[in-house]
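Remarks on the overall topology
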Amino acid sequence: MNCPYCGYNDSKVIDSRDVNDGIRRRRQCLQCDLRFTTYERLQHASLFVIKKDGRREEFNREKLLTGIRKACEKRPLPAGTPDRLADDIEIELYQMGKAEIHSDAIGDVVMARLKKLDHIAYIRFASVYREFEDITMLKEEVDSLAGHSLAPPADQIPLFPMEELPVQLKAPRRPRQLR
Ligand SMILES: [Zn+2]
């Protein structure tokens, strides 16, 4: 298996996992140190992605990872989060056992995962993927998130003094936390 980045013909296996009916191996190139993933399975067609314009292309983990990385950029997430997320999503996609999958379906899987992880990353990904046509659509999405997010942390300075907010928007007074 040649390295997809530099073409070198040797790599070491840094992780291997059983997935569905095969084995997934994370490899590291012995020359350029970049990592890539290989799947070993019996008589299994590769996964093709049906794009919005109807064209098909082979599923590409790096493409998926690039999108996730962009969304997670500078977010306070543990190092390696985008990689792990891409791994999990990839496994989820392969476990669907389909030969081809719509790019929309992949986007939905990514969005569902990001939504649980980080709302900013989610909105960033959604704004690219869903191609929000105007600020109203974006706002609706943000509002829907705000609807089920918790009150801001007690040490966060409010945007407006509470007295200026309509009564129904006042958050219940929270007891001061002992430190
Ligand atoms: Zn290499």
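Small disclaimer: the values here were computed from a predicted structure and weren't measured. (Residues numbered from 1 in each chain as written. Predicted model: local features only at pLDDT ≥ 70, side-chain atom pairs only at ≥ 80, totals over all residues. Heavy atoms only, no water.)

**Concerning the overall build of the protein chain**
Secondary structure assignment for the protein chain yields five helices and six strands. Secondary structure elements of the protein chain occur, N-terminal to C-terminal, as β-β-β-β-β-α-α-β-α-α-α. Looking at the protein chain as a whole, 28% of its 179 residues are labelled buried. Considering only intrachain contacts with a sequence separation of at least 6, the fraction spanning at least 24 residues in the protein chain is 44%. As presented, the protein chain carries roughly 12800 Å² of accessible surface, and 52% of it is formed by carbon and sulfur atoms. (Helix = DSSP H or I, 4+ residues; strand = E, 2+ residues; numbered from the N terminus. Buried < 20%, exposed > 50% of the residue type's maximum accessible area, 1.4 Å probe, protein only. Contact = heavy atoms within 4.5 Å. Areas by Shrake-Rupley, 256 points an atom, 1.4 Å probe, with all protein chains shown as cover.)

**With respect to the layout of surface pockets**
To find leftover empty space, a probe the size of one water molecule is rolled over the atoms. Taken as a whole, the second largest pocket spans an internal volume of roughly 640 Å³. In terms of lining, the second largest pocket is formed by 23 residues, of which the most central are Lys63, Leu64, Ser103, Phe125 and Tyr129. At the level of elements, β5 (56-58), α1 (61-72), α3 (103-117) and α4 (119-129) are the ones that each hand at least two residues to the lining of the second largest pocket. For the lining of the second largest pocket, the element with the most residues is α1, which contributes seven residues. (1 Å grid on protein atoms, 1.4 Å probe; cavity = no way out; pocket = protein on both sides within 12 Å on 5 of 7 lines; lining within 4 Å. Points joined across faces, edges and corners; volume = space filled by probe spheres on them.)

**What to know about the coordination of the zinc ion**
Only Cys3 (SG), Cys6 (SG), Cys29 (SG) and Cys32 (SG) from the protein reach the zinc ion as donors, at distances of 2.2 to 2.4 Å. Each of the four donor atoms bound to the zinc ion contributes to angles spanning 105 to 118 degrees, and the resulting shape is tetrahedral. Counting gaps between the donor residues of the zinc ion yields the pattern C-x2-C-x22-C-x2-C. Linking Cys6 in the segment before β1 (11-19) with Cys32 in the loop between β2 (22-29) and β3 (35-41), this pair joins segments that are 26 residues apart in sequence. (Donors = N, O, S within 2.8 Å, 3.2 Å for Na, K, Ca; no water. Tetrahedral: all angles 85-135°; square planar, octahedral: opposite > 155°, others 65-115°.)

**Remarks on the sheet that holds β5**
In space, the three strands of this open sheet follow the order β5-β4-β6, with mixed pairing throughout. The open sheet terminates on both sides in strands that have one partner only, identified here as β5 and β6 (100-102). For this sheet, the mean angle separating the axes of adjacent strands, direction not counted, is 30 degrees. Pairing between strand β4 (residues 48-50) and β6: three bridges, direction parallel. For Val49, the partnering residue across the bridge sits in β6 and is Ile101. The strands touched by α3 are β4 and β6; relative to β6, the strand with the most contacts, the crossing angle is about 70 degrees. (Pairing = 2+ DSSP bridges. Axes fitted to C-alpha atoms, helices over the stretch in contact; angles between N-to-C directions.)

**Digging into the pattern of salt bridges**
When the charged atoms of two side chains lie near each other, side chains of opposite charge can form a pair. Across all of its chains, the model carries 16 salt bridges by this definition. We note a salt bridge from Asp15 to Arg24, for which the minimum N-O separation is 3.6 Å. Residue classification places Arg24 among the buried residues on the basis of a relative accessible area of 0%. (Salt bridge = Lys/Arg side-chain N within 4 Å of Asp/Glu carboxyl O.)

**Brief notes about the packing of aromatic side chains**
For the structure on display, the rule yields two aromatic pairs. With a centroid separation of 6.1 Å and an interplanar angle of 85 degrees, the aromatic rings of Phe59 and Tyr94 are classed as edge-to-face. Of this pair, Phe59 sits in the loop between β5 and α1 while Tyr94 sits in helix α2 (residues 81-95), and the two are 35 residues apart along the sequence. We note that Phe59, like Tyr94, is buried. Members of the aromatic cluster, joined through ring pairs, are Tyr39, Phe59 and Tyr94. (Phe/Tyr/Trp six-rings, centres within 6.5 Å; stacked < 30°, edge-to-face > 60°.)

**Quick notes on the packing of α1 against α3**
At a closest axis distance of 12 Å, the pairing of α1 and α3 adopts a crossing angle of 35 degrees. Between α1 and α3 lies a crossing of right-handed hand. Across the interface between the two elements, Leu64, Ile68, Ala71 and Cys72 of α1 pack against Ile106, Val110 and Leu114 of α3. Each residue belonging to the contact of α1 with α3 can be placed in one class, and the counts come to seven nonpolar, no polar and no charged. (Left-handed = near helix turned anticlockwise from the far one by under 90°. Nonpolar A, V, L, I, M, F, W, Y, C, P; charged D, E, K, R; others polar.)

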